[in-house]
Amino acid sequence: MRRVQYEHSGGPEVLEVVSADVPTPGPGELLVRVEAIGVTLPGVRKVREQREPIPLGGEIAGEVVAVGEGVDSYAPGYRVTGVVLGHGYAEYALLSVAMASPIPDGASAVDAVALVRSGLVALGALDAATPVEGESTLITAAASGVGHLAVQLARVRGAARVVGAVSDPAKADFVRELGADEVVAYDDTSWGSPVDYVLDAVGGELLTPALAAVAPGGRLVAYSSGGGAVQAYDLLSGAKSVIGFQIARIAREQPDVYEHWRQELWQYFASGLLRPVVHAEFALEDVATAHTVIEKRTNLGKVVLIP
């Protein structure tokens, strides 16, 4: 089979497609013939920032072709999606049953990788903000794979005013089409009237204007892998709160909540309330191009690899 790997850290140019043996599922594992792979910013960052090469895991969707010992909830022929912790950029991948969920009829593998993991992060960050119907929100990286779903979910959950923040004003029309009332660019001198809560996917230097966009008594949910720091005085002076959110912790410690969110996402999808948008589909051999799109933040929606 074909698989993407790299020998040393660096930019997208270090990625290469190699031949590898098809893995054998162990206890509690599914062997999935991969039909779609979701490309994420955290995954792209790991290639550049990790000291030692790591297996490229992440979101996959496809068909179960074999199951390991002790698996009775899935069988060959089932269509599933989930997060692979080992090699996921491949034609075949091993998926733990605990991380798997069925793809419902009427949804494609591409729909699944565009919706589930990114949607879980978006929905989880939104829940962490404890939104109240009628509140206002600002969402950074609003055109990204997670952000474009967060914009829609905020509206579905009752936000009265949704502001999208983007790196490039050229993305504004796309974000408005998703349901945003206003769109601001990161380098604008003002991000408009303060909001009740901010969902921040960028971090770093953007944390300062993101926190400034929070109204007194409001909340900022940080779920970025980009780091950053805030000044305690900025919190005290406005009685603001900063909440950290990590989807992996929910999956590990609150599987019932994780599963509830998955079901909620598919319900929104089936009813037409949530529309995952795919920026582009790239062949496995074009993985460097897919990573470049993410690094340059030019995508509108999800970037997907097709083995």
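Described in the following lines is the structure provided in the data block. (Residues numbered from 1 in each chain as written. Predicted model: local features only at pLDDT ≥ 70, side-chain atom pairs only at ≥ 80, totals over all residues. Heavy atoms only, no water.)

Let's shift gears to the environment of D105. Here D105 is to be found in the loop between β7 (100–102) and α2 (109–128). Residue class for D105 comes out exposed when judged on its relative accessible area of 80%. D105 sits 26 residues away from R79 along the chain, and the two C-alpha atoms are 9.2 Å apart. (Helix = DSSP H or I, 4+ residues; strand = E, 2+ residues; numbered from the N terminus. Buried < 20%, exposed > 50% of the residue type's maximum accessible area, 1.4 Å probe, protein only.)

Attention now goes to helix α3 (residues 147–156). Counting buried positions along α3 yields eight of 10 residues, so the element is predominantly enclosed. Turning to α3, its buried residues are G147, H148, L149, A150, V151, Q152, L153 and A154.

Structurally, R117 is set in helix α2. For the buried R117, no salt bridge exists, and the shortest N-O distance to an oppositely charged side chain is 5.2 Å, to E59. (Lys, Arg positive; Asp, Glu negative; His and termini not counted. Salt bridge = Lys/Arg side-chain N within 4 Å of Asp/Glu carboxyl O.)

Right, let's talk about the packing of aromatic side chains for a bit. According to the stated counting rule, one finds four aromatic pairs in the structure shown. Residues Y74 and Y78 carry aromatic rings whose centres are separated by 5.9 Å and whose planes lie at 75 degrees to one another, so their mutual orientation is edge-to-face. Note on Y74: relative accessible area 12%, which makes it buried. Considering the side-chain rings of Y186 and W191, the 6.5 Å spacing of their centres and the 40 degrees angle between planes classify their relative orientation as tilted. Summarising the burial analysis for this pair, Y186 and W191 share the class buried. (Phe/Tyr/Trp six-rings, centres within 6.5 Å; stacked < 30°, edge-to-face > 60°.)

Time to look at the layout of surface pockets. Where empty space is left becomes clear once a probe the size of a water molecule has been rolled over the atoms. Its boundaries defined by the atoms lining it, the largest pocket holds a volume of some 1300 Å³. Lining the largest pocket are 48 residues, and of these T40, L41, P42, G43 and R117 lie nearest its centre. Among the secondary structure elements, those contributing two or more residues to the lining of the largest pocket are β3 (29–39), α1 (41–49), β4 (58–67), β5 (79–84), α2, α7 (247–253) and β15 (302–306). Among the elements that line the lining of the largest pocket, the one with the most residues is α1, at five residues. Within the lining of the largest pocket, the residues separate by chemical class into 26 nonpolar, 14 polar and eight charged. Within this model, the second largest pocket holds a volume of roughly 170 Å³. Looking at the second largest pocket, it is lined by 15 residues, and the ones nearest its centre are V84, G86, H87, A93 and L94. When grouped by side-chain class, the residues that make up the lining of the second largest pocket number nine nonpolar, three polar and three charged. (1 Å grid on protein atoms, 1.4 Å probe; cavity = no way out; pocket = protein on both sides within 12 Å on 5 of 7 lines; lining within 4 Å. Points joined across faces, edges and corners; volume = space filled by probe spheres on them. Nonpolar A, V, L, I, M, F, W, Y, C, P; charged D, E, K, R; others polar.)

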